[in-house]
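Structural description and commentary
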Amino acid sequence: MGYFELMGFGPKGWGLLLAQATLMTIAVSVTAFAIGAVLGGLLAWARLTGGRGIGIAAETYLTVLRGIPDLLVIYLLYFGGSSILTSAMRWLGNDGFVGVNAFAAGAIAVGIISAAYQSEVYRGAFGAVARGEIEAARAVGMGRMLMFRRILAPQILRFAIPGLGNVWQLALKESALISVVGLTEILRQAQVGAGSTRQPFVFFITAALLYLLLSTVSGWGFNRAEAAAMRGVRRA
Amino acid sequence: MDLAFLADTFVALLGGVPMLLQLTAISVSVGAVLAVLLALMRLSGNPLLDYPARGYVFVFRGTPLLVQIFLIYYGLGQFPEIRQSIAWPFLRQPYWCAILALTLNTTAYATEIIRGGILSVPFGQIEAARACGMSRFLIFRRIILPQGLRTALPAYGNEIILMTRATALASVITLMEVTGIASKLVSETFRAIEVFACAGAIYLIINFLISRAVALAERRLSPQAAPRPAAPEPAR
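First, a word on what this report is: a plain description of the structure on this page. (Residues numbered from 1 in each chain as written. Chains lettered and ligands numbered in written order. Predicted model: local features only at pLDDT ≥ 70, side-chain atom pairs only at ≥ 80, totals over all residues. Heavy atoms only, no water.)

What follows deals with the overall build of chain B. Looking only at helices and strands, one finds 11 helices and 0 strands in chain B. Moving toward the C terminus, one meets the helices and strands of chain B in the order α-α-α-α-α-α-α-α-α-α-α. Referenced to the eigenvectors of the C-alpha coordinate spread, the extents of chain B come out at roughly 70 × 60 × 30 Å. For chain B, the residues scored as buried account for 44% of the 236 residues in total. Put simply, 77% of the contacts in chain B that link residues at least 6 apart link residues at least 24 apart. When the accessible area of chain B is evaluated, it comes to approximately 12,600 Å², of which 68% is carbon and sulfur surface. Between the mean site of the 19 positive side-chain charges and the mean site of the 12 negative ones, chain B shows a separation of 11 Å. (Helix = DSSP H or I, 4+ residues; strand = E, 2+ residues; numbered from the N terminus. Buried < 20%, exposed > 50% of the residue type's maximum accessible area, 1.4 Å probe, protein only. Contact = heavy atoms within 4.5 Å. Areas by Shrake-Rupley, 256 points an atom, 1.4 Å probe, with all protein chains shown as cover. Lys, Arg positive; Asp, Glu negative; His and termini not counted. Charge placed at Lys NZ, Arg CZ, Asp CG, Glu CD.)

And the structure:
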């Protein structure tokens, strides 16, 4: 069987399964990135405006999540979550092992790692907003919420795009680790194919190509978004 | 909180530290040498050297490390030519496959870091060296490399920390480093949270020590920088 027949959409081809797995990779990475955006935004806000205690707590979060392996975070959420769930169910009178959902555990794990990186991006972007604009907004009597919505948020997002592009690529690549807890995304599907056809090289090369495709297309998308967002900014 | 269990776990996990350090040290040091060569290829201005290096960096940074590990460990064995070659006694072992994958991966990231460092050397210095009659090689050895590496050091420190985190993936191909031992302990004791938290603490300690060592090296390598006064508290 030739490569294109094996990876095609015919009766013996793996094309459809790999396409579904690619959609799963996209779904889990986007979910993780969104979790990271919310959590990262809150962390950046805590570090910029919070008191000393909150600042130290946020700093600790960053140090821990950037210092321990991503695989360990996934294991901790998946197996730790499952053991908590199992004992909770036992307390309710239901014996036997209860596993958490691999998608949820994986997305949350990659999301809380992404949050650590995203908070740095947002903090840097906040620093790039001209101080005079904030003063001007205060001078015209804007409230804090209105100032955030009209002045800060749009500009922070604009300056954050390049950094967010990098963090997105990290989330995309970290999503491959979720395969170890059994989520059928690209790498897991490639493993299954490699096992049943005994052609591991072909399947893992295909997986690599799919990741390259995803990262190239999304990199191009972020470049377009950056160009669009920066069109009104004069740069040195 | 079962302190005796935590202490036993911690000691058991420490048994994986030598493996972790070996994987990191070998891949980072071989990767550094390869990265200098690739950075020079990128900067040579010769498209025949530049484009292969660019392609290498693109491929290895655009795909997940776990895919690269699987491709080398499971994928290469698909070909009888490789199974009969003299490299097979090495490529058959998960240890050498992990080292190969980690080395190839860190080389790609380090290439960009070193390229950035080399580009930061002021051109006036190179002009001055030429005016003194230094040869190209001598300029590289005495002027460009020492200063470029010094500038690249902080980013390189981050890369070393990322590599210690990445060694955890070697556990997926059965290597018994810290994460591998932790997974084994979890399957024996079913106490996922305590065991993985202990493993996380070990990674944090190692990464803290590495970041201190890099900071020390930075200070040692910049004798021209006068001891800085204590930084004032940044205005919030």
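Okay, the interface of chain B and chain A next. Counting from both sides, the interface comprises 35 residues of chain B and, opposite them, 40 residues of chain A. A per-residue breakdown of the area chain B buries against chain A is headed by B:Q78, B:R165 and B:F196, which together make up 21% of the total. Applying the counting rule to chain B against chain A returns 1 salt bridge. At the boundary of chain B and chain A, one finds 7 residue pairs in polar contact (both at pLDDT 80 or more). Those elements that provide at least two residues to the side of chain B that touches chain A are helix 3 (47–62), helix 4 (65–75), helix 9 (136–166), helix 10 (178–189) and helix 11 (192–220) of chain B. Sort the elements by how many residues they give to the side of chain B that touches chain A and helix 11 of chain B lands first, with 9 residues. Here the residues of the side of chain B that touches chain A sort into 23 nonpolar, 9 polar and 3 charged. (Buried area = accessible area lost by both parts, 1.4 Å probe. Salt bridge = Lys/Arg side-chain N within 4 Å of Asp/Glu carboxyl O. Polar contact = N/O pair within 3.5 Å; in protein donor to acceptor, adjacent residues only side chain to side chain. Nonpolar A, V, L, I, M, F, W, Y, C, P; charged D, E, K, R; others polar.)

The next subject is the nonpolar core. Counting residues in hydrophobic clusters, the biggest one holds 125 residues, and the most contacted among them are A:L187, B:L13, B:L23 and B:V178. With 13 residues, helix 5 (residues 102–128) of chain A is the largest single contributor of residues to this core. Excluding its chain neighbours within four sequence positions, the residues that come into contact with B:L23 are B:Y95, B:A98, B:I99, B:L102, B:T167, B:A170, B:L175 and B:E177. One finds B:L38, B:A53, B:Y56 and B:V57 within the second-largest nonpolar core, a separate group that totals 6 residues. (Core = buried A, V, L, I, M, F, W, Y, C linked by side-chain atoms within 4.5 Å.)

Further remarks concern the packing of aromatic side chains. As enumerated under the stated definition, the model contains 15 aromatic pairs over all chains in all. For the pair A:F204 and B:F70, a centre-to-centre distance of 5.4 Å together with 45 degrees between the ring planes defines the contact as tilted. Of this pair, A:F204 sits in helix 9 (residues 200–229) while B:F70 sits in helix 4, each in a different chain. Plain terms: the ring middles of B:F90 and B:W96 are 5.6 Å apart, the flat faces sit at 90 degrees to each other, and that makes the pair edge-to-face. When its relative accessible area of 47% is taken as the criterion, B:F90 is described as partly exposed. Assessed through its relative accessible area of 33%, B:W96 is described here as partly exposed. Following the ring pairs from residue to residue traces out a cluster consisting of A:Y75, A:Y78, A:F79 and B:F196. (Phe/Tyr/Trp six-rings, centres within 6.5 Å; stacked < 30°, edge-to-face > 60°.)

Attention shifts here to unusual backbone geometry. Residues and elements named next belong to chain B. For T174, which is not glycine, the phi torsion reads 70 degrees and is therefore positive. With respect to the helices and strands, the residue T174 is situated in the loop between helix 9 and helix 10. With phi around 60 degrees, F190 is a residue other than glycine that occupies positive phi space. Its place among the elements puts F190 in the loop between helix 10 and helix 11.

Residue and element names in this part refer to chain B. Taken as a whole and assessed by the stated rule, the structure comprises 12 salt bridges over all chains. Close ionic contact of D2 with R191 constitutes a salt bridge, the shortest N to O distance being 3.3 Å. One end of the pair, D2, is in the segment before helix 1 (3–14); the other, R191, is in the loop between helix 10 and helix 11, and 189 residues separate them in sequence. For D2, a relative accessible area of 34% puts it in the partly exposed group. Two residues, D50 and R42, come together in a salt bridge whose shortest N-O distance is 3.1 Å. The two residues D50 and R42 agree in class, both being buried.

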